[in-house]
Amino acid sequence: MNKSELRKLIRQQRRSLSKAQRQSASRGLLRQLRSAPEYLTAKRVAVYLTNDGEIDTQWLIQDLHQRRREIYLPVLHPLRKGHLAFIHYQKNTVMSRNRFGISEPSFSRNKAVSARFIRLICLPLVAFDDRGNRLGMGGGFYDRTLEFVHEKGKTPLLVGCAYDFQRISMLPAESWDIPLKLIATDASLHRLLTFTTPAD
């Protein structure tokens, strides 16, 4: 099965879940993340807003608000084509829809923060394997934005968030792919690589 076929299959599986199944999985994702010390200590966390049947981050965002963490959302960068910016998100942040129909804070009204200074970044995905390879939607936004993690030095902890059924035996990896260091699903936590983190 090629990447295109795999994307189509798993996206259909995600969208077919009931509301109750989605809510249960969202709570399960939070339980798994709360078992990771890095999540509990991170002061700056980037989280995506759920789209296209992705595992829901609503409970995760609520938990981060309650812990008074700084939450950042990915925004399509208006000046760097194909890249993301990260904007501080609060409960009163004004949101609008981007060209993919995903809610995001206004880039012009808010200050962007470099991904280098975010402690933990939660990434959506279509599929993952046990080597930390991630299959995204095919746009390459995260791969371009996080390219710096290939360099020496401190980098954020990259956490893939998914349903457990999105795990497959092996994904083809390209040289530009960004490997995940931790994968949290509704049922398990997979630790993959060692890492160093930036100072908060």
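Residues numbered from 1 in each chain as written. Predicted model: local features only at pLDDT ≥ 70, side-chain atom pairs only at ≥ 80, totals over all residues. Heavy atoms only, no water.

Scanning the protein chain for helices and strands turns up five helices and 12 strands. Here the C-alpha radius of gyration of the protein chain, 16 Å, is about what a compact globule of 200 residues would show, namely 16 Å. With the C-alpha coordinates of the protein chain rotated into their principal frame, the extents come out at 40 × 40 × 35 Å. Sorting the 200 residues of the protein chain into buried and exposed places 48% on the buried side. Long-range contacts, defined as pairs at least 24 residues apart, comprise 68% of the intrachain contacts of the protein chain with a sequence gap of at least 6. A total of about 10,600 Å² of accessible surface is found on the protein chain, and carbon and sulfur atoms cover 48% of it. Of the side chains in the protein chain, 33 bear a positive and 18 a negative charge, and the two mean positions are spaced by 6 Å. (Helix = DSSP H or I, 4+ residues; strand = E, 2+ residues; numbered from the N terminus. Rg over C-alpha atoms; globule rule 2.2 N^0.38 Å. Buried < 20%, exposed > 50% of the residue type's maximum accessible area, 1.4 Å probe, protein only. Contact = heavy atoms within 4.5 Å. Areas by Shrake-Rupley, 256 points an atom, 1.4 Å probe, with all protein chains shown as cover. Lys, Arg positive; Asp, Glu negative; His and termini not counted. Charge placed at Lys NZ, Arg CZ, Asp CG, Glu CD.)

This next bit is on the nonpolar core. Grouped burial of nonpolar side chains is what soluble globular proteins tend to show. Within the largest apolar cluster, 47 residues are counted, with the highest numbers of intra-cluster contacts made by Ile121 and Leu146. Top element by residues in this core is strand S10 (residues 157–162). It accounts for five residues. In this view, Ile121 contacts Ala46, Phe86, Ala115, Leu146, Pro156, Leu157, Leu158 and Val159; residues no more than four positions away in its chain are not counted. Counting residues in each nonpolar core, the second largest holds six residues, with Ile10, Ala127, Leu135 and Leu171 among its members. (Core = buried A, V, L, I, M, F, W, Y, C linked by side-chain atoms within 4.5 Å.)

Glancing now at empty space enclosed by the protein. Taken as a whole and judged by the stated rule, the model has one cavity of 30 Å³ or more. Roughly 40 Å³ of internal volume is contained in the largest cavity. Around the largest cavity, the lining residues are Leu123, Arg134, Tyr142, Asp143, Asp177 and Ile178. Partitioned by chemical class, the residues of the lining of the largest cavity number three nonpolar, no polar and three charged. (1 Å grid on protein atoms, 1.4 Å probe; cavity = no way out; pocket = protein on both sides within 12 Å on 5 of 7 lines; lining within 4 Å. Points joined across faces, edges and corners; volume = space filled by probe spheres on them. Nonpolar A, V, L, I, M, F, W, Y, C, P; charged D, E, K, R; others polar.)

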